[in-house]
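As a plain string of letters, each chain reads:
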Amino acid sequence: MRIKNLRFGNLWISVTSVILGMLVGAIIMLLSGFNPIENYVSLFTGAVGSPNAIGEVLREATPLILTGLGFAVANSAGFFNIGLAGQALAGWLASVTFALAFPHAPGFILLPGAILAGAIAGALWSGIAGFLRAYFGASEVITTIMLNYVALYATNAIVKGFLAKGDGDYSPTIPVQARLRTPFLEHLTQNSTFHWGILVSLAAVVVVWWLMKKTTLGFEIRAVGMNEDASRYAGMSTKRTIISAMLISGCLAGLGGAMEGLGNFQNIIVNTALPSIGFDGMSVSLLATGSPVGIVLAALLFGMLKIGGLNISIASTTPPEIVDIVIAAVIFFVGANYLIRYLSVKLRRHPRQPEAVASDTQPEAAVAERAAQAEEEGEDTK
Amino acid sequence: MNITTLLLTVVSTTLVYSAPMIFTALGGTFSERSGIVNVGLEGIMVMGAFSSVVFNLFTADIFGAATPWFGLLAGGLVGVLFSLMHAVATINWRTDHIISGTVLNLMAPALGVYLTKLIFAGKGQTDIIKQPLANVTIPGLSDIPFIGPIFFRNTSLVAYLGVFVAIFAWWVLKYTRFGLRLRSVGEHPEAADSVGISVYKYRYMGVMLSGLLGGIGGAIMAESITLNFSVSTIVGQGFMSLAAMIFGKWNPIGAMGAAIFFGFAQSLAIIGKYIPVIANIPNVWFTLAPYLITIIVLVAFIGKSQAPAADGSTFVKSR
């Protein structure tokens, strides 16, 4: 038997994966001589212990929701968009450049214009990969990664060559009416970097949910993701659908970058590495198994891990990279969900009698359960 | 700069930059020929680079000039261990190959920097190694008129080793029992299984070979080019190796040729300013060149290359 792509999942798979991932982190901390319990406690207090911390967590989650949604849309079309970081960078550059270009424009034009510029730039950047995949069959895994590095070095050259003053490594700060951070929010959260971008993210969640579930385009995207040949046979333009999915995906990633530019940084800097919101957004989406509401929850969790992780290295000498190790481990277990399903069947002493109705409504779960049971029986006969 | 010196610089720099990708692309070939897609080559290279640098820093006083060569072995062994994560996930636990490979890419830089900070008292990058893989002049061959000075003077020995490994890998895959079986589990695992070949065993060997060669590739990168380990030691070379493998049609010799071509693209950033016609182009274009060339090559040649038939699928043995 040959199988491909086991990507279904549900809430308890995600929760189990998070627990197992944190367990792996704990073991690594133990092996390197740190106290995992103390560290997880300081992670937690660092994430929710004060209004400032909560503000920072929400700020961290804001772009992650957008890049996570971006990954999910592309993934629905059967597309593995790991170019989110480059698309976000394109969006960051475009939004800041737009804001700097019109310093005297009123806020109600400048701010939406800058956000829109970021979205368009991100969409164009991922559109390249979508076009190459649709018309030439070039693997998006490689093209988007290469475009990431092109975006990184090109952006750095533009910032250094055109935007920075003198020999600096950063652009001037954007005009005050283009900023998403306001004194009101700073006052509310003890001077955190929390900004209004969270509203953009939440709006995007609703729009993406509506787009994927209620529109023809969303249906076509999902159909192409499930079976490209069948969709073409049914009369859908698969090329157009693939490119649309990539444009939407990049548009969302570009918005995520714009949130960094207009909210978090309020300028653009020369980056030594790709912005982490790209790969973290992908992890958020994989953990949430593509569900828009799940993406919000997963983004909040990752925001807590990232912001709380900073507190770990303040309270002890543990390197903050432990958080990224935990995130990678979590995604490892999300991917290996077959293992979790299999073990849960093994651990259950008296397996439930298969219900005809249940297996009709959840064919995938039933298949997995049956496969697990078959393996169990196979071992018993040895 | 006269023409011989220019060619010498171009050839030796190209070879230095191709060597890591030759080994890694060969690793990818073994993995994918057995049916396991390995986008985790980038992460494997990171772990290979990290472990070779640490090994080099700590044992340079013991092994002297032989240290970098042992460092390659250290990088390869750690690469094998790291690739086991991909093997068990994709072969036994039915993980999507792309997701599992991506986990390797997420895990490696985090783990590498975490361990670096642990070993070197909180510093995010290591010191410069004392015993790098230096360029050598091959006695005898370098005395051949014209060709000798260009190809064999002050050149990268490890790149030539890579060429030999590529030829050996081609022979192994084409003519040996091991190679035939490895290819059969990548093309039609059910058929291989029906004649008693263990699909799982050969797929494990394919992935572990990719770990060995990818780890060595990362070690070469660190010990001959960056000379230390940091988060920016490996910047896309793993993915370029993957593209080289596709460009080389999953054939070791082809992968090697493509890797040398990509090595040339990478070396442009160093040698571009010496080549008269393109010397005035801003430096950023040379930095971008390897990435852009990879995309162009991928687009131009994708239709002409065919992946192993069962590449990317998970085999479940029926009972």
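In this numbering scheme, every chain counts its residues from 1 along its sequence in written order. Chain letters and ligand numbers both follow the written order, the letters beginning at A and the numbers at 1. Per-residue local features of the predicted model are confined to residues with pLDDT of at least 70, and side-chain atom pairs are confined, for both listing and counting, to 80 or more; whole-chain, interface and lining totals are unaffected and use all residues. Values shown for side chains rest on all heavy atoms present in the structure; no hydrogens or waters enter the calculation.

- An unreviewed UniProt entry lists chain B under the name Sugar ABC transporter permease protein, with Schleiferilactobacillus perolens DSM 12744 as the source organism.
- UniProt positions are given in the numbering used here, feature names are shortened, and annotations may be inferred rather than shown by experiment. Taken from UniProt, the Subcellular location (unreviewed entry) comment for chain B reads in full: "Cell membrane".

- Going by the annotation in an unreviewed UniProt entry, the name recorded for chain A is ABC transporter, permease protein, with Schleiferilactobacillus perolens DSM 12744 given as the source organism.
- The UniProt entry for chain A carries the following comment under Subcellular location (unreviewed entry): "Cell membrane".

Remarks on the packing of helix 5 (residues 107-136) of chain A against helix 11 (residues 238-265) of chain A
When two helices pack together, their arrangement is captured by the angle between the axes and the distance separating the axes.
Residues and elements named next belong to chain A.
Then, in step 1: In contact at an axis separation of 6 Å, helix 5 and helix 11 are set at 145° when each is read in the N-to-C sense. Seen along the crossing, helix 5 lies across helix 11 with a hand that is right-handed.
Then, in step 2: Any residue that is not Ala, Val, Leu, Ile, Met, Phe, Trp, Tyr, Cys, Pro, Asp, Glu, Lys or Arg is counted as polar, Gly included; the first ten are nonpolar and the last four charged. Of the residues that constitute the contact of helix 5 with helix 11, the class distribution is 18 nonpolar, 7 polar and 2 charged. An axis is simply a line fitted to the C-alpha atoms; with a helix, the fit covers only the stretch in contact. Between two such axes, the angle follows the N-to-C directions and lies from 0 to 180 degrees. Only runs of H or I of at least four residues qualify as helices and only runs of E of at least two qualify as strands under DSSP, and these elements are numbered from the N terminus. By definition, turning the near helix anticlockwise from the far helix through less than a right angle yields a left-handed crossing, and turning it clockwise yields a right-handed one.

Brief notes about the packing of helix 6 (residues 140-163) of chain A against helix 12 (residues 283-301) of chain B
Then, in step 1: Their axes nearest at 9 Å, the elements helix 6 of chain A and helix 12 of chain B cross at an angle of 160°. Classified by the angle their axes make, helix 6 of chain A and helix 12 of chain B are roughly antiparallel. Between helix 6 of chain A and helix 12 of chain B lies a crossing whose hand is left-handed. Across the interface between the two elements, Ile 142, Thr 143, Met 146, Leu 147, Tyr 149, Val 150, Tyr 153, Ala 154 and Ala 157 of chain A from helix 6 of chain A touch Val 284, Thr 287, Leu 288, Tyr 291, Leu 292, Thr 294, Ile 295 and Leu 298 of chain B from helix 12 of chain B.
Then, in step 2: When the residues that make up the contact of helix 6 of chain A with helix 12 of chain B are grouped by side-chain class, the tally is 14 nonpolar, 3 polar and no charged. Here the angle decides the label: under 35 degrees means roughly parallel, over 145 means roughly antiparallel, 65 to 115 means roughly perpendicular, and every other value means oblique. Working rule for contacts: check all heavy atoms of both residues, and any pair within 4.5 Å makes them a contact.

Section: the interface of chain A and chain B
Then, in step 1: The interface of chain A with chain B comprises 50 residues on the first partner and 51 residues on the second.
Then, in step 2: Here chain A and chain B share an interface that buries about 4600 Å² over both sides, 75% of which is from carbon and sulfur atoms.
Then, in step 3: For salt bridges, the criterion is a side-chain nitrogen of Lys or Arg within 4 Å of an Asp or Glu carboxyl oxygen. For the pair chain A and chain B, the interface holds 1 salt bridge.
Then, in step 4: With a closest N to O distance of 3.1 Å, Lys 117 of chain B and Glu 321 of chain A form a salt bridge.
Then, in step 5: Residues adjacent in sequence count toward polar contacts only when both atoms are side-chain atoms; beyond that, a polar contact is any pair of N or O atoms within 3.5 Å, and within protein one must be able to donate a hydrogen and the other to accept it. Counting the contacts that link chain A with chain B gives 4 residue pairs in polar contact (both at pLDDT 80 or more).
Then, in step 6: Mapped by element, the contributors of at least two residues to the side of chain A that touches chain B are strand 1 (2-3), helix 1 (11-31), helix 5, helix 6, helix 12 (277-287), helix 14 (322-335), helix 15 (337-347) and helix 17 (363-380) of chain A.
Then, in step 7: Looking at which element gives the most residues to the side of chain A that touches chain B, the answer is helix 6 of chain A, with 11 residues.
Then, in step 8: In the side of chain A that touches chain B, the residues fall into 35 nonpolar, 9 polar and 6 charged. In this description, buried area is defined as the sum, over both parts, of the accessible area (probe of 1.4 Å) that is lost when the two are combined.

Digging into the domain arrangement of chain A
Residue and element names in this part refer to chain A.
Then, in step 1: Domain start and stop positions are those given by an automatic or database domain assignment. For chain A, the assigned domains are domain 1 (11-335) and domain 2 (336-382).
Then, in step 2: Relative to domain 2, the C-alpha centre of domain 1 lies at a distance of 36 Å.
Then, in step 3: Listed by partner, the interface residues are 9 residues for domain 1 and 5 residues for domain 2.
Then, in step 4: Summed over both sides, the interface between domain 1 and domain 2 buries roughly 570 Å², with carbon and sulfur atoms accounting for 70% of that surface.
Then, in step 5: On the domain 1 side of the interface with domain 2, the three residues burying the most area are Trp 12, Ile 13 and Phe 333, jointly 62% of the side's total.
Then, in step 6: The interface formed by domain 1 and domain 2 holds 0 salt bridges in total.
Then, in step 7: On inspection of domain 1 and its partner domain 2, the count reaches 6 residue pairs in polar contact (both at pLDDT 80 or more).
Then, in step 8: For the side of domain 1 that touches domain 2, the elements supplying multiple residues, two or more each, are helix 1 and helix 14.
Then, in step 9: Per-element tally for the side of domain 1 that touches domain 2: the top contributor is helix 1, with 5 residues.

A closer look at empty space enclosed by the protein
Rolled over the atoms, a probe sized like a water molecule indicates the empty space that remains.
All names here are of chain B.
Then, in step 1: A cavity here means a set of 1 Å grid points, computed over protein atoms only, where a 1.4 Å probe fits but cannot escape. A pocket is an open set with protein on both sides within 12 Å along at least 5 of 7 lines, and lining residues have an atom within 4 Å of a point. Grid points are joined across faces, edges and corners, and a volume is the space filled by probe spheres set on the points. Applying the stated criterion to the full structure yields 3 cavities of 30 Å³ or more.
Then, in step 2: Looking at the largest cavity, its volume works out to about 60 Å³.
Then, in step 3: For the largest cavity, the full set of lining residues is Val 16, Trp 69, Leu 133, Ala 134, Asn 135, Ser 156, Leu 157, Val 158 and Ser 224.
Then, in step 4: Split by residue class, the lining of the largest cavity holds 6 nonpolar, 3 polar and no charged.

Here's the deal with the pattern of salt bridges
Opposite charge on two side chains lets them pair, provided their charged atoms get close.
Then, in step 1: This model, assessed by the stated rule, comprises 14 salt bridges over all chains.
Then, in step 2: Residue Lys 317 of chain B pairs with Asp 193 of chain B through a salt bridge whose shortest N-O separation is 2.9 Å. Here Lys 317 of chain B, found in the segment after strand 1 (314-315), pairs with Asp 193 of chain B, found in helix 8 (residues 189-194); they are 124 residues apart in sequence, far enough to count as distant.
Then, in step 3: By relative accessible area, Lys 317 of chain B is classed as partly exposed at 43%.
Then, in step 4: A single salt-bridge network, built from bridges that share partners, covers Arg 133, Glu 140, Glu 228, Asp 229 and Arg 232 of chain A. Classification of residues uses two cut-offs on accessible area relative to the type maximum, computed with a 1.4 Å probe and protein chains only: under 20% is buried, over 50% is exposed, and between them is partly exposed.

Details of the packing of aromatic side chains
Then, in step 1: Two aromatic rings from Phe, Tyr or Trp, using only the six-membered ring of Trp, form a pair when their centres are within 6.5 Å; if the ring planes differ by under 30 degrees the pair is stacked, by over 60 it is edge-to-face, and anything between is tilted. Applying the stated criterion across every chain yields a total of 22 aromatic pairs over all chains.
Then, in step 2: Considering the side-chain rings of Phe 50 of chain B and Phe 229 of chain B, the 5.4 Å spacing of their centres and the 70° angle between planes classify their relative orientation as edge-to-face. Residue Phe 50 of chain B is located in helix 2 (residues 41-63), and its partner Phe 229 of chain B is located in the loop between helix 9 (199-226) and helix 10 (237-247); the two are separated by 179 residues in the primary sequence. Phe 229 of chain B shares its class with Phe 50 of chain B; the two are buried.
Then, in step 3: These aromatic residues form a ring-pair network of at least three members: Phe 131, Tyr 135 and Phe 136 of chain A.

With respect to the environment of Gly 140 of chain B
Then, in step 1: Within the secondary structure, Gly 140 of chain B is located in the loop between helix 4 (97-119) and helix 5 (147-152).
Then, in step 2: Given a relative accessible area of 47%, Gly 140 of chain B falls into the partly exposed group.

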